[in-house]
Amino acid sequence: MSNEILSVLEYMEKEKGISREDMILTISSAIRNAAQRGVNAGQELKVEINPRNGALKAWAELTVVDSVSDPACEIHIEKAGVYKKDAMIGDTVYREVDPAFLGRIAAQTARQAIMQRIRQFEKERIFDDYKDQVGDVVSGVVRRRERGDLIVDLGKAEAVLPPRERVPGEDYAPGERIRCLLLKIDTTPRGPELILSRASLHFVRRLFELEVTEIADGTVTIEGMAREPGYRSKLAVHSADPKVDPVGACVGARGARVKSIVRELGGEKIDIIKYDPDPIALLHEAIKPAVPRNIRMDDEHRRIYFEVNEEDLSIAIGRRGQNAKLTSKLLGWRLDIGKLKVQEQGFDEKRQEAILTLAERTGLQVPRAAILVDNGLNNIEAFVGVEADDLMDMGLNEEEANLVIAKVAESISG
């Protein structure tokens, strides 16, 4: 039996990563408990295992008494001297028991308890191995399907990719490699269960962090995201370094970086736009190539109403409303999109063109340039004789007003 125990200890230590001390404690406890329920019922036992050679020794714990009423746990004081010199009434003495007499049933029960403890050790190790990887991208091989779930082998453990976390249209056969986000670790009666996701918004974020070094080192930050799994994702990116183009960094040379991510996502379209804290300016970027006009904001209910030309309406809304829905999520505002009336289009197009041109030439944000155009300053020449105080009266702050005056002077002199 000692050879069998030694083999178990060595196997568990090398193959399962379970320490010899833990296994000795488990095996000795299992044998003791099983024996006490079997042929040695009612008897207290002490079991020890030699960690070097696996030798098993057992002792019966007996209380020294002057009158024995239960031979299983008591010993007369006259006999106690054999096991302990100068034994006194009330002392505990240990009488060695041949492990063979612990009984076959005890051995079988102990084997079951050992296997149960081994499974528990493995489950605890799975949790310890993967608890720090929650939120990271992991790679594995699809093994099988169970009640609609995909079971993925991650190497050290199996994980579950449930239907709700899969991308519509994606299908994987056993043996295929797959990359997923380790979404969470669920605690179940069967132990920890690793839950994967390919539909999570954070899966796209992590792919960009892995692919784009500027995001990984913090030069470029993802300020906002929205995703319709399998169809389209929108990212708003920003860089505190004026020398770094955040959109260009994410796209990569000839689109190499974003193409790699699109391939991983099975062809899902990705829109990358430059972040702006002003929701109106961000709307202009996010809704392209459609051009929003007659914009009105309801700050209390966080709603933005705007209109687009008839030919831009389908673009602004998108297939199955995806573009509007994703833009709304990205901004954090509810969007109400209307169709621009035909008679208003000519004037509005000219106004919008004047706003964009003025914003470009003065360095103002689009909404601030719109204030000037609506006050009649729709081109550089219209600024002749205008002073900073006049612009501040229209709603610009002092810094913006001085910037515009300087830019206008520069344009006229140039």
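Keep in mind that this is a model prediction, so the values were computed, not measured.

Student: How do you make sense of the overall build of the protein chain when you look at a structure like this?
Tutor: Within the protein chain, the regular secondary structure consists of 15 helices and 15 strands. Computed over C-alpha atoms, the radius of gyration of the protein chain comes to 37 Å, more than 25% over the 22 Å expected from 2.2 N^0.38 for 414 residues, which places it beyond the range of a compact globule. When the backbone C-alpha atoms are referred to their principal axes, the protein chain occupies close to 120 × 50 × 40 Å. For the protein chain, the proportion of its 414 residues judged to be buried stands at 41%. Averaging the coordinates of the 60 positive side-chain charges in the protein chain and doing the same for the 70 negative ones gives two points 7 Å apart.

Student: Looking at this structure, how should I read the packing of helix α5 (residues 201-211) against helix α8 (residues 256-264)?
Tutor: For any two helices packed against each other, the geometry comes down to the angle between their axes and how far apart the axes lie. The N-to-C vectors of α5 and α8 enclose an angle of 140°; their axes lie 10 Å apart at closest approach. When the axis of α5 is compared with that of α8, the two are oblique. At the point where α5 passes α8, the crossing takes the right-handed sense. Here Phe203, Leu207, Phe208 and Glu211 of α5 come into contact with α8, specifically with Arg257, Val258, Ser260, Ile261 and Glu264. Its residues assigned to classes, the contact of α5 with α8 shows 5 nonpolar, 1 polar and 3 charged.

Student: Please explain the packing of helix α9 (residues 279-286) against helix α11 (residues 322-331) as it appears in this structure.
Tutor: Relative to each other, α9 and α11 sit at 150°, their axes nearing to 10 Å. The orientation of α9 with respect to α11, classified from their angle, is roughly antiparallel. Crossing hand, α9 versus α11: right-handed. Every residue of α11 that contacts α9 at Pro279, Leu282, Leu283 and Ala286 is listed here: Asn323, Thr327, Leu330 and Leu331. Across the contact of α9 with α11, the residue classes break down as 6 nonpolar, 2 polar and no charged.

Student: Please explain the sheet that holds strand β6 (residues 149-153) as it appears in this structure.
Tutor: Backbone hydrogen bonds are what pair the strands of a sheet, in a parallel or an antiparallel way. The strand order β5-β6-β7-β9-β8 describes a closed barrel built from 5 strands, whose pairing is mixed. Put simply, the sheet's adjacent strands are angled 50° from each other on average, direction ignored. Pairing analysis gives 2 bridges linking strand β7 (residues 158-161) to strand β9 (residues 191-197), with the strands arranged parallel. The residue of β9 that forms the bridge with Val160 is Ile195.

Student: Whenever I open this one, the sheet that holds strand β12 (residues 269-274) confuses me. Can you help?
Tutor: Spatially, the 3 strands line up as an open sheet ordered β10-β11-β12, and their pairing is mixed. Looking at the sheet topology across the chains shown, the edges are occupied by β10 (220-228) and β12. Taken over all neighbouring pairs, the strand axes of this sheet differ in orientation by 20° on average, direction set aside. Set on the sheet, α5 makes contact with β10, β11 (232-239) and β12; between it and β10 the angle comes to about 145°.

Student: How should I be thinking about the packing of aromatic side chains in this particular structure?
Tutor: Each aromatic ring pair is specified by the distance between its two centres and by the angle formed by the two planes. Scanning the entire structure with this criterion turns up 0 aromatic pairs. Against the face of Tyr94 rests Lys46, its NZ or CZ located 4.9 Å from the ring centre.

Student: What's the story with the pattern of salt bridges in this structure? I'm lost.
Tutor: A side chain with one charge may pair with a side chain of the opposite charge, provided their charged atoms come close. Following the criterion strictly, the structure yields 19 salt bridges and no others. Glu146 is the salt-bridge partner of Arg144, the closest N and O atoms lying 2.7 Å from each other. The partly exposed category is assigned to Glu146, whose relative accessible area is 27%. Where salt bridges share partners, they join Glu170, Arg179, Arg198 and Glu264 into one cluster.

Student: Explain α5 to me, please; I cannot follow it from the model alone.
Tutor: Every α-helical turn comprises 3.6 residues, leaving residues that sit three or four positions apart pointing alike. For α5, the set of buried residues is Phe203, Val204, Arg206, Leu207 and Phe208. The N-terminus of α5 is capped by Ser200, whose side-chain oxygen sits 3.1 Å from the backbone nitrogen of His202.

Student: Whenever I open this one, the pairing of β7 confuses me. Can you help?
Tutor: The side chains of a regular strand alternate, first on one face of the sheet and then on the other. Summarising the sheet, β6 and β7 pair through 4 bridges and their orientation is antiparallel. When the bridges of β7 are listed, Asp153 appears paired with Glu158. Taking the residues between adjacent antiparallel strands as the criterion, β6 and β7 are bridged by 4 residues, where Gly155 takes a positive phi near 110°.

Student: How should I be thinking about the side chain of Glu400 in this particular structure?
Tutor: Structurally, Glu400 is set in helix α15 (residues 398-413). Ignoring any residue separated from it by four or fewer positions in sequence, one finds Glu400 in contact with Leu364 and Arg368.

Student: Sorry if this is basic, but what is going on with unusual backbone geometry here?
Tutor: Glycine aside, residues mostly have negative phi, and peptide bonds are mostly found in the trans state. Along the chain, Lys288 connects to Pro289 via a cis peptide bond; the corresponding omega equals 5°. Within the secondary structure, Pro289 sits in the loop between α9 and β13 (293-298). The phi dihedral of Asp86 is positive, around 55°, even though this residue is not glycine. Tracing the backbone shows Asp86 in the loop between α3 (77-80) and β4 (92-97). By relative accessible area, Asp86 is classed as exposed at 71%.

Student: What exactly am I supposed to notice about α11 here?
Tutor: The element α11 is largely enclosed, with a buried count of 8 among its 10 residues. Just downstream of α11, Gly332 is the residue with a positive phi angle, here 80°.

Student: Would you mind showing me how to read a negative patch on the surface here?
Tutor: Together, Glu387, Asp389, Asp390, Asp393, Glu398 and Glu399 make up a negatively charged patch on the protein surface. When you line up the elements, Asp390 lands in helix α14 (residues 388-394).

Student: Looking at this structure, I do not really get the environment of Asp132. What am I missing?
Tutor: Inspection of the secondary structure puts Asp132 in the loop between α4 (104-130) and β5 (137-146). The exposure class assigned to Asp132 is exposed, which follows from its relative accessible area of 64%. Distance in space between the C-alpha atoms of Asp132 and Glu10 is 28 Å, their sequence separation being 122 residues.

Reading the values: the criteria
- Position numbers for residues count from 1 along each chain, tracking the sequence in the order it is written.
- In keeping with the predicted nature of the model, local features appear solely for residues at pLDDT of at least 70, side-chain atom pairs appear and are counted solely at 80 or more, and the whole-chain, interface and lining totals rest on all residues.
- Heavy atoms throughout the structure, all of them, feed into the side-chain values; hydrogens and water do not.
- In this description a helix means any DSSP run of H or I spanning at least four residues, a strand means any run of E spanning at least two, and both kinds are numbered starting from the N terminus.
- C-alpha atoms define the radius of gyration in this analysis, and the globule rule sets the expected value at 2.2 Å times the number of residues to the power 0.38.
- Throughout this description, buried means an accessible area under 20% of the type-specific maximum (1.4 Å probe, protein chains only), exposed means over 50%, and partly exposed covers the range between.
- The convention is simple: Lys and Arg are positive, Asp and Glu are negative, and His and the chain ends are not counted.
- The location of each charge is read from NZ of Lys, CZ of Arg, CG of Asp or CD of Glu.
- Every angle, taken between N-to-C directions, lies between 0 and 180 degrees, and every axis is a line fitted to C-alpha atoms, over only the stretch in contact when it is a helix.
- Roughly parallel here means an angle under 35 degrees, roughly antiparallel means over 145, roughly perpendicular means 65 to 115, and every remaining angle is called oblique.
- Crossing chirality is assigned from the near helix's rotation relative to the far helix, an anticlockwise turn below a right angle marking it left-handed and a clockwise turn marking it right-handed.
- Only heavy atoms matter for contacts: two residues are in contact if any of them lie within 4.5 Å across the pair.
- Classification used: nonpolar for Ala, Val, Leu, Ile, Met, Phe, Trp, Tyr, Cys and Pro, charged for Asp, Glu, Lys and Arg, polar for all others including Gly.
- One bridge is not enough; two strands pair if DSSP finds at least two bridges between them.
- Ring geometry is summarised as follows: Phe, Tyr and Trp rings, the Trp one being its six-membered ring, pair when their centres sit within 6.5 Å, and such pairs are stacked at plane angles under 30 degrees, edge-to-face over 60 and tilted between the two.
- By the criterion adopted, a ring carries a charge over it if an Arg CZ or a Lys NZ lies within 6 Å of its centre and within 35 degrees of its normal.
- By salt bridge we mean one thing: a side-chain nitrogen of Lys or Arg within 4 Å of a carboxyl oxygen of Asp or Glu.
- N or O atoms closer than or at 3.5 Å make up a polar contact, with two conditions inside protein: a donor-capable atom paired with an acceptor-capable one, and, for residues adjacent in sequence, both atoms drawn from side chains.
- A patch consists of residues whose relative accessible area exceeds 30% and which take part in no salt bridge; residues with like charges are grouped when within 9 Å of each other, and nonpolar side chains (Val, Leu, Ile, Met, Phe, Trp, Tyr) when within 5 Å.
- Residue-level accessible areas treat just the shown protein chains as cover; the underlying method is Shrake-Rupley with a 1.4 Å probe.

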